[in-house]
Every structure is written in C-alpha cells, then in structure tokens.
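# Reading the structure
Read off the chains here:
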Amino acid sequence: MSLDIFVPLSESNFLEYAKLISHKLRPYEKSFHHIGLPKSVIRMSMTSLKASDTKEVASSVTAIANEKLKAEKEANAGKKKTGAKKKQLIVDKPDDDAVVSNLDSDMMILILCNF
C-alpha cells in the first residue's frame, strides 16, 4: 500500500502507517543530516499533543536510547581499549633539575658578571 493513499483509522492502521513512513525515511539514514529529520518530525507532529502525551513519547524515545546504549556497551565489552596510557606522577623519584652543583652556580655567576 502507498503512503500517499493510506488513511489510518485504528491503532493497527497507525502502526502500519508508521512502518510505511519509516521505510520511506530509511534510505537517508547514512546522510549526515538525517539526525535532524526524526527530531523535526517528532517536534512538528507533537505540536497539538498534551504535555502528558508528549511526556509519554519522550519516555519511549528514552527507552529506545537506553536499549541502544546497552547494546553498544555489550558489543564493545569484548574489545580491548587501544589508547595512549595515562600519564602518571611518580612521587618518590628525585627531581634532577632541582639539584644544583657548585660548578653550575659558579658558571651562572660568571655568565651574569660578563653582561
């Protein structure tokens, strides 16, 4: 059935309508700008909804996001992290720059006196 002539009347009709719309949008999923499409469609289609209905839609979207996040974490759990090691501060190592010998201080005095 074509999206243009379909008129949803029942709950099952609206579910079928949603499938038709999603199949129409799927070819554009790879586009960089695709993320704006569902956000705009949701925003524009919810203008006449009550706050409680809007909250229900938001809860549904949050549940979808949580499911996707969980699936991504599970998929990445088996992979090793390949990144640079964190830098560590080693406290008990002597600071070589802080040690100034008599020779170094004598050289500094000679250099400063020549200016």
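Identification of the chain as Eukaryotic translation initiation factor 3 30 kDa subunit from Heracleum sosnowskyi is taken from an unreviewed UniProt entry.

### Section: the overall build of the chain
For the chain, the helix and strand inventory stands at four helices and zero strands. Each helix (α) and strand (β) of the chain, taken in turn from the N terminus, gives the series α-α-α-α. Split into buried and exposed, the 115 residues of the chain put 4% on the buried side. For the chain, the exposed surface amounts to about 11,400 Å²; the carbon and sulfur share of it is 60%.

### Thoughts on the pattern of salt bridges
For the structure shown, the criterion picks out one salt bridge. As a salt-bridge pair, Arg-26 and Glu-29 come within 3.7 Å of each other at their nearest N and O atoms. A relative accessible area of 45% means that Arg-26 is categorised as partly exposed.

### Thoughts on the environment of Leu-3
Looking at the element boundaries, Leu-3 is found in the segment before α1 (11–25). Counting along the chain gives 17 residues from Leu-3 to Leu-20, while the straight-line C-alpha distance between them is 6.1 Å. The residues touching Leu-3, leaving out its near neighbours within four places in the chain, are Tyr-17, Leu-20, Ile-21 and Lys-24.

### Description of a nonpolar patch on the surface
On the surface, Ile-42, Leu-49, Val-57 and Val-61 cluster together to form a nonpolar patch covering roughly 270 Å² of accessible area. Structurally, the position occupied by Ile-42 is in helix α2 (residues 36–45).

### Describing the side chain of His-34
Within the secondary structure layout, His-34 lies in the loop between α1 and α2. The class of His-34 is buried, set by a relative accessible area of 18%. Discounting chain neighbours no more than four positions away, the residues touching His-34 are Leu-25, Tyr-28 and Glu-29.

### Quick look at the confidence of the model for the chain
Mean pLDDT over the chain stands at 82; residues scoring 70 or higher make up 71%. The element-level mean pLDDT for the chain is lowest in helix α4 (residues 102–113), coming to 57, with helix α3 (residues 51–77) highest at 94.

### Quick word on the packing of aromatic side chains
For the structure on display, the rule yields one aromatic pair. For the pair Phe-6 and Tyr-17, a centre-to-centre distance of 5.8 Å together with 15° between the ring planes defines the contact as stacked. Placement of the pair is Phe-6 in the segment before α1 and Tyr-17 in helix α1, with a sequence separation of 11 residues. Judged by relative accessible area, Tyr-17 falls into the partly exposed class, the value being 25%.

Rules behind the numbers
- Every residue gets a number counted from 1 within its own chain, in the order that chain's sequence is written.
- Only residues with pLDDT of at least 70 get local features here, since the model is predicted, and only at 80 or more are side-chain atom pairs given and counted; chain-wide, interface and lining totals rely on the full set of residues.
- Side-chain calculation: all heavy atoms of the structure are included, whereas hydrogens and water are not.
- A run of H or I in DSSP becomes a helix once it reaches four residues, and a run of E becomes a strand once it reaches two; helices and strands are each numbered from the N terminus.
- The cut-offs for exposure are 20% and 50% of the maximum accessible area for each residue type, with area from a 1.4 Å probe on protein chains only; residues under the lower value are buried, those over the upper are exposed, and the others partly exposed.
- To measure how exposed things are, a 1.4 Å probe is used in the Shrake-Rupley method; for residues, cover is taken only from the protein chains shown.
- Salt bridge, as used here, is a side-chain nitrogen of Lys or Arg placed within 4 Å of a carboxyl oxygen of Asp or Glu.
- We call two residues contacting when some pair of their heavy atoms lies within 4.5 Å.
- Patch membership requires over 30% relative accessible area and the absence of a salt bridge. Like charges are linked within 9 Å, and nonpolar side chains (Val, Leu, Ile, Met, Phe, Trp, Tyr) within 5 Å.
- A score from 0 to 100, pLDDT tells how confident the predictor is in each residue.
- Each aromatic pair joins two rings of Phe, Tyr and Trp (for Trp, the six-membered one) with centres within 6.5 Å, and gets the label stacked for planes under 30 degrees apart, edge-to-face for over 60, and tilted for any other angle.

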